[in-house]
Amino acid sequence: MIIKRKLPEKSDFAEGTEFYIEEFNIPLVHTPSNEWFNWFGGRPKKYDVKNLKLGNNWLAESFEEWVRIVDESR
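Counting from 1, residues in each chain are numbered in the order their sequence is written. Local features are withheld for residues below a pLDDT of 70 in this predicted model, meaning they are given only at 70 or higher, and side-chain atom pairs are given and counted only at 80 or more; totals for whole chains, interfaces and linings count all residues. In computing side-chain properties, one takes all heavy atoms of the structure into account and sets aside hydrogens as well as water.

Peer 1: Sorry if this is basic, but what is going on with the overall build of the protein chain here?
Peer 2: Within the protein chain, the secondary structure is distributed over 1 helix and 5 strands. Starting at the N terminus and walking to the C terminus, you meet the elements of the protein chain as β-β-β-β-β-α. Computation of the radius of gyration draws on C-alpha atoms alone. For the globule rule, the value is 2.2 Å times the number of residues to the power 0.38. The globule rule puts the C-alpha radius of gyration for 74 residues at 11 Å, and the 12 Å found for the protein chain is close to it. Along the longest, intermediate and shortest principal axes, the C-alpha atoms of the protein chain span 40 × 25 × 20 Å. Across the protein chain, contacts joining residues at least 24 apart in sequence account for 53% of those joining residues at least 6 apart. Each accessible area value is a Shrake-Rupley result obtained with a 1.4 Å probe; residue values ignore everything except the protein chains displayed when judging cover. Accessible surface for the protein chain amounts to roughly 5200 Å². Of this, 54% is attributable to carbon and sulfur atoms. Of the charged side chains in the protein chain, 11 are positive and 13 negative; the average position of the first set lies 8 Å away from that of the second. A run of H or I in DSSP counts as a helix once it spans at least four residues, and a run of E counts as a strand once it spans at least two, with each numbered from the N terminus. By the convention used here, residues are in contact when the closest approach between their heavy atoms is within 4.5 Å. Positive charges come from Lys and Arg alone, negative charges from Asp and Glu alone, with His and the N- and C-terminal ends not counted. Think of each charge as sitting on NZ of Lys, CZ of Arg, CG of Asp or CD of Glu.

Peer 1: I'm lost on the side chain of Thr-17 in this one. Help?
Peer 2: Relative to the helices and strands, Thr-17 resides in the segment before β1 (18-22). Accessibility expressed as a relative area gives 13% for Thr-17, which makes it buried. Counting of polar contacts relies on pairs of N or O atoms within 3.5 Å, with two restrictions inside protein: one atom must be capable of donating a hydrogen and the other of accepting it, and residues adjacent in sequence are counted only when both atoms are side-chain atoms. Looking at Thr-17, its side chain comes within polar contact range of the main-chain oxygen of Ala-14, at 2.7 Å. Setting aside chain neighbours within four positions, we find Thr-17 in contact with Val-29, His-30, Thr-31 and Pro-32. The classification of residues rests on relative accessible area computed with a 1.4 Å probe and restricted to protein chains. Under 20% of the type maximum is buried, over 50% is exposed, and intermediate values are partly exposed.

Peer 1: In this structure, what is going on with the nonpolar core? I would like to understand it.
Peer 2: Counting residues in hydrophobic clusters, the biggest one holds 12 residues: Phe-13, Phe-19, Ile-21, Val-29, Phe-37, Trp-39, Ala-60, Phe-63, Trp-66, Val-67, Ile-69 and Val-70. Among the elements that line this core, the one with the most residues is helix α1 (residues 63-73), at 5 residues. Ignoring sequence-local partners within four residues, the contact set of Ile-69 consists of Ile-21, Phe-24, Asn-25, Ile-26 and Pro-27. Within the second largest apolar cluster, 5 residues are counted, among which are Tyr-20, Leu-28, Tyr-47 and Leu-52. Nonpolar core, defined: a set of buried Ala, Val, Leu, Ile, Met, Phe, Trp, Tyr and Cys residues in which side-chain atoms within 4.5 Å join the residues together.

Peer 1: I keep staring at the sheet that holds strand β5 (residues 57-59) and nothing clicks. Help me out?
Peer 2: Read across the sheet, 5 strands follow the order β4-β3-β2-β1-β5 without closing on themselves; strand pairing throughout is antiparallel. Sheet topology places β4 (45-46) and β5 at the edges, where each strand pairs with a single neighbour. Of the strand pairs in this sheet, strand β3 (residues 36-38) and β4 are connected by 2 bridges, and their pairing is antiparallel. Its bridge partner lying in β4, Phe-37 is registered against Lys-46. Should DSSP find at least two bridges between two strands, the strands are regarded as paired.

Peer 1: What should I look at first to understand the pairing of β1 in this one?
Peer 2: Strand residues, when the strand is regular, have side chains that alternate between the two faces of the sheet. Taken across its 5 residues, β1 has 4 buried, putting it largely inside the fold. Pairing geometry for β1 and β5, over 3 bridges, is antiparallel. If you follow Ile-21 over to β5, its bridge partner there is Trp-58.

In structure tokens, the structure reads:
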């Protein structure tokens, strides 16, 4: 039996956090303290911004879009 973790809520993040999508299915978070996290799989992992290239990522249209991608990756 696979138990899925609870999805993150917008209130779990500091004000000013930005939600990105890389390559259509990788949910990224950019914090106000300039840290990046990859939420693929439903858990945050430090992310190296050197992987970002012009055109392979964009701001999510909404938090709801971003969290849907997190959910699909679990």
